[in-house]
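# Structural description and commentary
This is what each chain is made of:
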Amino acid sequence: MQIQVFHDTVCPWCRIGKEHLFTALKQWGQPVEIQWRAFQLDPTTPKEGLPFKETMTKKFGGRADLPQLFGQVVQAGAAAGVKFDFDKVERMPNTILSHQMIALMPEELSTEFVEAVNRAYFEEGKDIGQLEVLLELAAEVGADMGTLKAQIERGEGLEEVEEDFNFGRQVGITGVPFFVLAGKYALTGAQPVSAFLQAFEQASSSKQA
């Protein structure tokens, strides 16, 4: 079974949903193919990024209690087994470069790289809009930095990213995480493990019918 995961690399709920997905997959115990597909929560973010807390305050019209908002994410992350440290996050990056890098990543390294990017941003406060940061993370998971840098400079991977953006618009995806199982079953949001297990059974039964 193939599972397509539409996500953005600065989306905390995408990271939580990913953890729920993989916890469910461990319990289910059957082989699947994960395909990471790109989505941007805010494509208007400039290439150099924006100040994180100022941007978040503006996004909610100055009405949001950011510590409370972040606290909810931190608690949900802890329950899923992942850490968030928003005190370290200083930049809101444009995520297209990180999506381009994911598209170029060898399939066997892509999931590990997505997690490395999430960890670098949400736990260490690194600016994942910077090529140097992404190349270092790629090297950490075993990818070849020189090859990837050359591919990025040639613009490789951008066509696949744009195809994902266009597909998301065509089918009406307005938020992430968004999961497509076996090409026909969809789950939206950071669903609990039980919801994923139920969806796996439905998708598997459908294939056998």
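Everything below is about the structure printed above this text.
Here's a quick rundown of the structure. Residue indices begin from 1 for each chain and proceed along its sequence in written order. Only residues with pLDDT of at least 70 get local features here, since the model is predicted, and only at 80 or more are side-chain atom pairs given and counted; chain-wide, interface and lining totals rely on the full set of residues. Only heavy atoms go into the side-chain values, all of them from the structure, while hydrogens and water stay out.

Let's shift gears to the pairing of strand β6 (residues 185-188). The criterion for strand pairing is that DSSP finds at least two bridges linking the strands in question. A helix here means a DSSP run of H or I that spans at least four residues, while a strand means a run of E at least two residues long, and both kinds are numbered starting from the N terminus. The pairing of strand β5 (residues 178-181) with β6 spans four bridges and is classified as antiparallel. If you follow Phe178 over to β6, its bridge partner there is Thr188. Linking two consecutive strands that pair antiparallel, namely β5 and β6, is a turn of three residues; a positive phi of about 55° is found at Ala182 within it.

Glancing now at the layout of surface pockets. Site definitions follow a grid-based scheme: protein atoms alone, a 1 Å grid, a 1.4 Å probe that fits but cannot get out for cavities, and for pockets an open set with protein on both sides within 12 Å along at least five of seven lines, plus lining residues having an atom within 4 Å of a point. Grid points are joined across faces, edges and corners, and a volume is the space filled by probe spheres set on the points. Considered as a void within the structure, the largest pocket measures approximately 490 Å³ in volume. Lining the largest pocket are 26 residues, and of these Val10, Leu41, Met56, Lys59 and Met92 sit closest to its centre. Amino acids are sorted into nonpolar (Ala, Val, Leu, Ile, Met, Phe, Trp, Tyr, Cys and Pro), charged (Asp, Glu, Lys and Arg) and polar (every other residue, Gly among them). Among the residues making up the lining of the largest pocket, the classes are represented as 17 nonpolar, six polar and three charged. Its boundaries defined by the atoms lining it, the second largest pocket holds a volume of some 310 Å³. Considering the residues around the second largest pocket, the lining is formed by 17 residues, among which Gln35, Trp36, Ile102, Ala103 and Asp164 are closest to the centre. For the lining of the second largest pocket, the secondary structure elements donating two or more residues are β2 (33-38), α4 (96-104), α5 (107-122) and α8 (158-171). In terms of residues, the lining of the second largest pocket owes the most to one element, β2, which gives six residues. Of the residues assigned to the lining of the second largest pocket, the class counts are seven nonpolar, four polar and six charged.

Moving on, we get to the pattern of salt bridges. A side-chain nitrogen of Lys or Arg and a carboxyl oxygen of Asp or Glu constitute a salt bridge if their distance falls within 4 Å. Taken as a whole and assessed by the stated rule, the structure comprises nine salt bridges. One salt bridge in this structure joins Arg119 and Glu115, with 3.7 Å as the shortest N-O distance. Linking Arg119 with Glu115, this pair stays in helix α5, spanning four residues, or about one helical turn. Members of the salt-bridge network, linked through shared partners, are Arg15, Lys18, Glu19, Glu115, Arg119 and Glu123.

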